[in-house]
Amino acid sequence: MLEPQTLQTPGDTDWFVQDRFGMFIHWGLYAMPARGEWVMMREETSRDAYLKKYFDRFDPDLYDPERWADAAANAGMKYFVITTKHHDGFCLWDSKHTDYKATKTPYGRDLLRPMVDAFTGRGLRTGFYHSLLDWQHPQYIVDYKTHPERDALEAIEGIGTSAGAATEPKGGRYDGTDLNAGRDQSRYAAYLRDQVRELLTEFGDVAVMWFDFSFAGDDRYPRDDFRFNKGREAWESEKLYAMIRELMPGVILTDRLDLELPLSGGDVKTPEQVQPKRWVTVEHEGKQVPVVWEACQTFSGSWGYHRDESSWRSVRQLVTTLIDCVSKGGNLLLNVGPTGRGEFDYRAIERLEGIGRWMHHHNRSIYGCTQAPDEFPCPTDCRLTYNPTTKRLYIHLLNYPYNFLQLDAPAYKERVEYAQLLHDASELSTELPPFFKHQLDPKGEKLVLTLPKTEPAGIEVPVIELFLKD
Ligand code: GLC
């Protein structure tokens, strides 16, 4: 067990903390507007308009999940998490409980099963992102916070909310009838359970159920007024949770179900679009306790395919993000938003290939690794990771040092028996020539590694591997 000190939860996280690196995939109808997965909400598109424009035209003719799986495996990813349904409610699989699914689009086929087959065929584990929100379901209560029709609701009800609702309802398409008349959220919650049951029984072993998300923090309104708050009452999270733990006890859950359990009933904490400063903790029984955690990050600013978004991160930045996660005992789930034709776009492919080149030489500093023991302080401009099984310590050089790397904590001197660059297994001398010894370590107390004068070519982040004595 890599992290014995973390909060114990029911899900099987043993493999998760070994594997460290997964691919998130946000894919659905929103690939077509190509303006991100929240487009329906942001542009206040009605369900009918959204269906007409996108559902009726969705035809990812170039979809080849074998190529996706290759790209993920070659990048060194060990699991994948696909949006079975995002907030717009569109389902990638042939669910018995809705017609709002891939098989009813012009494409006409199930998108999920071949994906699961392709990825598991490459040895990756399966994860399903499943949206708790659902903007198309006829029983789902229209709310003021995240719903595409929130402004219409405001216009009809005359409640000024200041809590997220914008100005005027767009499009003038609302006739004043109560948008929530006849809706029964508990029927939606039953639908949610029915679909999750399908996902957990028809696709083999599911390693992760990535639920997203709850919002129940508006205490001006009762928790069960679903126009303002949607938390465990709206999803009937207790029932959902009990069903899941019965069907697949070891599945890893995210912390977004809003249950009154540690980590909201989840097994992993899921910081999103931010890198934690240190190992993530939660308050538990009056103490801060470290937890299993996974940062989810994007290549650019969007989860769903965004044609015009140009703030793409460099390979070096992404590799550094992965290293940073592991150095703090966490995982990285890195997102791809495939296009409406069913391909990864060239920018994603470039980056995945770049990450794969780095991982080819350096995955030893990632898989099975975690935060380094405290006795090894992290040198300036570096990140450390540590493999407790092999007892090797990895120093990632984010900024290439001048000639030498000075490691002056006693543990380095006492416990390191051999040092090499990881990418080519070339020895790094620990013996200083007199001229330098005199200046850097006259008393012989430090470990000072002599590095090549120039940074190894073509390596985004060079890594030093230190072999430790017991
Ligand atoms: C969110 C967003 C979303 C994205 C997700 C990924 O909360 O609603 O669009 O799927 O987080 O973490």
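Residues numbered from 1 in each chain as written. Predicted model: local features only at pLDDT ≥ 70, side-chain atom pairs only at ≥ 80, totals over all residues. Heavy atoms only, no water.

*Asks:* Which parts of the structure should I look at to understand the overall build of the protein?
*Replies:* Secondary structure assignment for the protein yields 13 helices and 16 strands. A globule of 470 residues ought to have a C-alpha radius of gyration of about 23 Å, and the protein, at 25 Å, matches this closely. In the protein, buried positions account for 60% of the 470 residues. Partitioning the contacts of the protein with sequence separation of at least 6, the portion at a separation of at least 24 is 71%. Approximately 19600 Å² of the protein is accessible, and the part contributed by carbon and sulfur atoms is 48%. (Helix = DSSP H or I, 4+ residues; strand = E, 2+ residues; numbered from the N terminus. Rg over C-alpha atoms; globule rule 2.2 N^0.38 Å. Buried < 20%, exposed > 50% of the residue type's maximum accessible area, 1.4 Å probe, protein only. Contact = heavy atoms within 4.5 Å. Areas by Shrake-Rupley, 256 points an atom, 1.4 Å probe, with all protein chains shown as cover.)

*Asks:* What is the right way to read the site of the ligand from this model?
*Replies:* H26, E37, H86, H87 and E272 are the nearest of the 14 residues found near the ligand. Note that an oxygen atom of the ligand is positioned 3.3 Å from one of the side-chain N or O atoms of D212. Within the side chain of E272, an N or O atom sits 2.9 Å from an oxygen atom of the ligand. Across the complex, the protein chains shield 93% of the 310 Å² of accessible surface that the ligand would expose by itself. (Near = heavy atom within 4 Å. Polar contact = N/O pair within 3.5 Å; in protein donor to acceptor, adjacent residues only side chain to side chain.)

*Asks:* Teacher, can you tell me more about the sheet that holds strand β13 (residues 416-421) here?
*Replies:* Two modes of strand pairing occur in sheets, parallel and antiparallel, and in both the strands are linked by backbone hydrogen bonds. With antiparallel pairing, five strands are arranged side by side in an open sheet as β10-β11-β16-β13-β14. Of all strands in the sheet, those with a lone pairing partner are β10 (382-387) and β14 (426-427), marking the two edges. Across the sheet, helix α10 (residues 315-327) touches β10 and β11 (392-397), and the angle it forms with β10 is around 55 degrees. (Pairing = 2+ DSSP bridges. Axes fitted to C-alpha atoms, helices over the stretch in contact; angles between N-to-C directions.)

*Asks:* When you look at the packing of helix α7 (residues 185-201) against helix α9 (residues 237-247) in this model, what are you seeing that I'm missing?
*Replies:* If you want to describe how two helices pack, look at the angle between their axes and the distance between the axes. As a packed pair, α7 and α9 sit with axes 10 Å apart at the nearest point and diverge in direction by 15 degrees. Between α7 and α9, the angle falls in the class roughly parallel. In this structure, α7 crosses over α9, and the sense of that crossing is right-handed. Contact with α7, carried on its side by L192, R193, V196, R197, L200 and T201, involves K239, L240, M243, I244 and L247 of α9 and no other residues of that element. Here the residues of the contact of α7 with α9 are counted per class, giving seven nonpolar, one polar and three charged. (Parallel < 35°, antiparallel > 145°, perpendicular 65-115°, else oblique. Left-handed = near helix turned anticlockwise from the far one by under 90°. Nonpolar A, V, L, I, M, F, W, Y, C, P; charged D, E, K, R; others polar.)

*Asks:* Is there a simple way to think about the packing of helix α4 (residues 65-74) against helix α5 (residues 112-121) in this case?
*Replies:* Closest axis-to-axis distance for the α4/α5 pair is 8 Å, and the angle between their directions is 35 degrees. By crossing handedness, the relation of α4 to α5 is classed as right-handed. Residues P65, E66, W68, A69 and A72 of α4 touch α5, and the partners they reach there are P114, M115, A118 and F119. Residues of the contact of α4 with α5, tallied by class, amount to eight nonpolar, no polar and one charged.

*Asks:* Whenever I open this one, the nonpolar core confuses me. Can you help?
*Replies:* Ranked by internal contacts, the top residues of the largest apolar core, which has 106 residues, are M23, W27, M115, F119 and M209. Of all the elements, α10 adds the most residues to this core, at seven residues. Not counting chain neighbours up to four residues away, the residues in contact with M23 comprise A72, M77, Y79, F80, V81, F119, L333, L334, V336, F344 and L352. In this structure, Y386, I395, L397 and L421 belong to the second largest nonpolar core, which totals 24 residues. (Core = buried A, V, L, I, M, F, W, Y, C linked by side-chain atoms within 4.5 Å.)

*Asks:* How should α9 be read in this particular structure?
*Replies:* Structurally, the α-helix is built with 3.6 residues per turn, so residues lying three or four positions apart point the same way. Within α9, burial applies to S237, L240, Y241, M243, I244 and R245. Against the buried residues of α9 lie α7, β4 (208-212), α8 (232-235) and β5 (252-253).

*Asks:* What is the right way to look at the packing of aromatic side chains in this model?
*Replies:* Each aromatic ring pair is summarised here by two numbers: the centre-to-centre distance and the angle between the ring planes. Counted under the stated rule, the structure contains 34 aromatic pairs. For the pair W15 and Y79, a centre-to-centre distance of 5.4 Å together with 80 degrees between the ring planes defines the contact as edge-to-face. With a gap of 64 residues between them, W15 in helix α1 (residues 14-19) and Y79 in strand β2 (residues 79-85) connect regions that are remote in the sequence. Overall, the relative accessible area of 8% leaves W15 in the buried class. Ring geometry for F90 and Y100: centres 5.7 Å apart, planes at 75 degrees, overall edge-to-face. In this pair, F90 is assigned in the loop between β2 and α5 and Y100 in the loop between β2 and α5, connecting sequence segments ten residues apart. Residue class for F90 comes out buried when judged on its relative accessible area of 2%. (Phe/Tyr/Trp six-rings, centres within 6.5 Å; stacked < 30°, edge-to-face > 60°.)

*Asks:* When you look at α10 in this model, what are you seeing that I'm missing?
*Replies:* Here α10 is 13 residues long and its end C-alpha atoms lie 18 Å apart, about the 18 Å a rise of 1.5 Å per residue gives. Counting buried residues along α10, eleven of its 13 residues qualify, which places the element largely inside the surrounding structure. Where α10 is buried, its residues touch β1 (21-25), β8 (293-298), β9 (330-336), α11 (346-362), β10 and β11. Phi for G329, located one or two positions after α10, is positive at around 80 degrees. (Expected span 1.5 Å × (residues − 1).)

*Asks:* Just checking my understanding: could you explain the sheet that holds β8 for this structure?
*Replies:* Read from one edge to the other, the open sheet built from seven strands follows the order β5-β4-β3-β2-β1-β9-β8, with strand pairing classed as parallel. In this open sheet, the two edge strands, each paired with only one partner strand, are β5 and β8. Here six bridges tie β2 to strand β3 (residues 125-131), and the two strands are oriented parallel to one another. Across the sheet, Y79 pairs through a bridge with R125, a residue of β3. This element, α10, spans β1, β8 and β9 of the sheet and lies at about 150 degrees to β9.

*Asks:* How do you make sense of the side chain of T321 when you look at a structure like this?
*Replies:* Among the structural elements, T321 can be located in helix α10. Residue class for T321 comes out buried when judged on its relative accessible area of 17%. From its side chain, T321 meets the backbone oxygen of Q317 in a polar contact 2.7 Å long. In this structure, T321 is in contact with Q275, Q297 and L332, ignoring residues within four places of it in sequence.

*Asks:* So what exactly am I meant to see when it comes to the pairing of β4 here?
*Replies:* The side chains of a regular strand alternate between both faces of the sheet. For β4, the tally of buried residues reaches five of five residues, placing the bulk of the element in the interior. Neither face of β4 is left uncovered, since the one carrying V208, W210 and D212 and the one carrying M209 and F211 both have all their residues buried. Two strands pair when backbone bridges link them, and β3 and β4 are joined in this way by five bridges, in the parallel orientation. When the bridges of β4 are listed, S131 appears paired with D212. Strand direction decides the pairing type here: β4 and β5, joined by two bridges, are parallel. Bridge pairing links M209 to L253 in β5.

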